[in-house]
Amino acid sequence: MPVDPPVTALALVCSLKKSPSTSSSELLASQVLDALAGHGVAGSCVRVVDHDVRPGVSADEGEGDAWPALRARVRAADILLIATPTWVGHMSSVAQRVLERLDAELSETDDLGRPGLVGKVAITAVVGNEDGAHKITADLFQALNDIGCSVPAQGGTYWNGEAMGGVDYNDLDSTPEAVARVNAAVARNAAHLARALRDHPYPAYE
């Protein structure tokens, strides 16, 4: 009897810091991937700023553009996690660029007329020591849903530090209980939805 391939997840970490600098966004993303692993999901993580992702809204912006390789990884994954810091109340410019590049997926349809990312699950992770996580999560959910992704119940996790404080998520001695609980819910629901969509795909577009 053939064995179904494992469910996979890709985390696009939209920190402004290049590797090997520590990143709170990457830490939270890795915690979600660890929780997904507990549900049999194989995950990997990419820090987008380490790659030369050109501005634009096409699938390929020409020679030197690193997006086509990242796009192939996005399309190969069952679950897409976007992780971003909060800057002046908004998602990072790197996260915004990822959304702009993903816009091209609306014009890439399969044999049934469905956008190429229909059937993929989208989840989010937001960190920052200022307000804005709910607004950022809402913006990410809307954009990712627009291009065809499905968002599970409790599909976003976040951490906000003290207002006008200087403590980063990386600085914490341990993961706050509330964050760990939401991470677990995000992973559980995303893994469930990914398997449900694999077994029962969306119908053809007329």
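The structure we're discussing is the one just above.
Residues numbered from 1 in each chain as written. Predicted model: local features only at pLDDT ≥ 70, side-chain atom pairs only at ≥ 80, totals over all residues. Heavy atoms only, no water.

A. Fine view of the overall build of the protein. Counting its regular elements, the protein contains 5 helices and 6 strands. Helices (α) and strands (β) of the protein occur, in sequence order from the N terminus, as β-α-β-α-β-β-α-β-α-β-α. Over its C-alpha atoms the protein spans a radius of gyration of 17 Å, differing by no more than 12% from the 17 Å that the globule rule assigns to 206 residues. Counting only C-alpha atoms, the protein reaches 50 × 40 × 30 Å along its principal axes. The burial tally for the protein puts 45% of its 206 residues in the buried class. The long-range share in the protein, meaning contacts at least 24 apart out of those at least 6 apart in sequence, stands at 80%. Of the charged side chains in the protein, 16 are positive and 27 negative; the average position of the first set lies 3 Å away from that of the second. (Helix = DSSP H or I, 4+ residues; strand = E, 2+ residues; numbered from the N terminus. Rg over C-alpha atoms; globule rule 2.2 N^0.38 Å. Buried < 20%, exposed > 50% of the residue type's maximum accessible area, 1.4 Å probe, protein only. Contact = heavy atoms within 4.5 Å. Lys, Arg positive; Asp, Glu negative; His and termini not counted. Charge placed at Lys NZ, Arg CZ, Asp CG, Glu CD.)

B. Main features of the pattern of salt bridges. Per the counting criterion, the structure on display carries 8 salt bridges. Salt-bridge contacts for Arg-47 lead to Glu-26; the nearest nitrogen and oxygen are separated by 3.0 Å. Of this pair, Arg-47 sits in strand S2 (residues 42–47) while Glu-26 sits in helix H1 (residues 24–37); the two residues are 21 residues apart in sequence, bridging distant segments of the chain. Assessed through its relative accessible area of 5%, Arg-47 is described here as buried. One connected set of salt bridges, linked through shared partners, spans Arg-71, Arg-75 and Glu-105. (Salt bridge = Lys/Arg side-chain N within 4 Å of Asp/Glu carboxyl O.)

C. Here's a closer look at the pairing of S2. For strand S1 (residues 8–13) and S2, the ladder comprises 6 bridges, and the chain directions are parallel. When the bridges of S2 are listed, Ala-9 appears paired with Gly-43. With respect to chirality, the unit in which S1 leads through H1 into the neighbouring parallel S2 is right-handed. (Pairing = 2+ DSSP bridges. Right-handed = clockwise from strand over helix to strand, strands pointing away.)

D. Quick peek at unusual backbone geometry. Here the residue pair Ser-19 and Pro-20 is connected by a cis peptide bond, since its omega of 10° sits within 30 degrees of zero. Along the chain, Pro-20 turns up in the loop between S1 and H1.

E. Local environment of the environment of Lys-135. Here Lys-135 lies in helix H4 (residues 133–146). The spatial distance from the C-alpha of Lys-135 to the C-alpha of Asn-183 is 18 Å, given a sequence separation of 48 residues. Polar side-chain contacts of Lys-135 include one of 2.7 Å to the side chain of Asp-139. (Polar contact = N/O pair within 3.5 Å; in protein donor to acceptor, adjacent residues only side chain to side chain.)

F. Molecular detail of the side chain of Lys-120. Tracing the sequence through the fold places Lys-120 in the loop between helix H3 (93–102) and strand S5 (121–128). Of the side chains with opposite charge, Asp-78 comes closest to the buried, unpaired Lys-120, at an N-O distance of 5.6 Å. A polar side-chain atom of Lys-120 sits 2.5 Å from the main-chain carbonyl oxygen of Arg-75. Once you skip the residues sitting within four places of it in the chain, Lys-120 turns out to touch Val-74, Arg-75, Ala-76, Ala-77, Asp-78, Cys-149 and Ser-150.

G. Examining helix H2 (residues 67–76) more closely. Inspection of H2 places Trp-67, Leu-70, Arg-71 and Val-74 among the buried residues, and these make up the whole buried set. Across the axial projection of H2, the buried residues extend over an arc of 105°, all falling on one side. Residues of H2 that are exposed and point over 90 degrees away from its buried face: Ala-69 and Ala-76. Where the residues of H2 are buried, they touch S1, S2, strand S3 (79–87) and H3. (Arc of directions from axis to C-beta.)

H. Geometry of the packing of aromatic side chains. Under the definition given, this model contains 1 aromatic pair. Their ring planes at 45° and their centres at 5.5 Å tell us that Trp-159 and Tyr-169 sit as a pair that is tilted. A residue pair is termed long-range when its members are at least 10 positions apart, and Trp-159 in strand S6 (residues 156–160) and Tyr-169 in the loop between S6 and helix H5 (177–199) qualify at 10 residues. This pair shows no difference in class: Trp-159 is buried, exactly as Tyr-169 is. (Phe/Tyr/Trp six-rings, centres within 6.5 Å; stacked < 30°, edge-to-face > 60°.)

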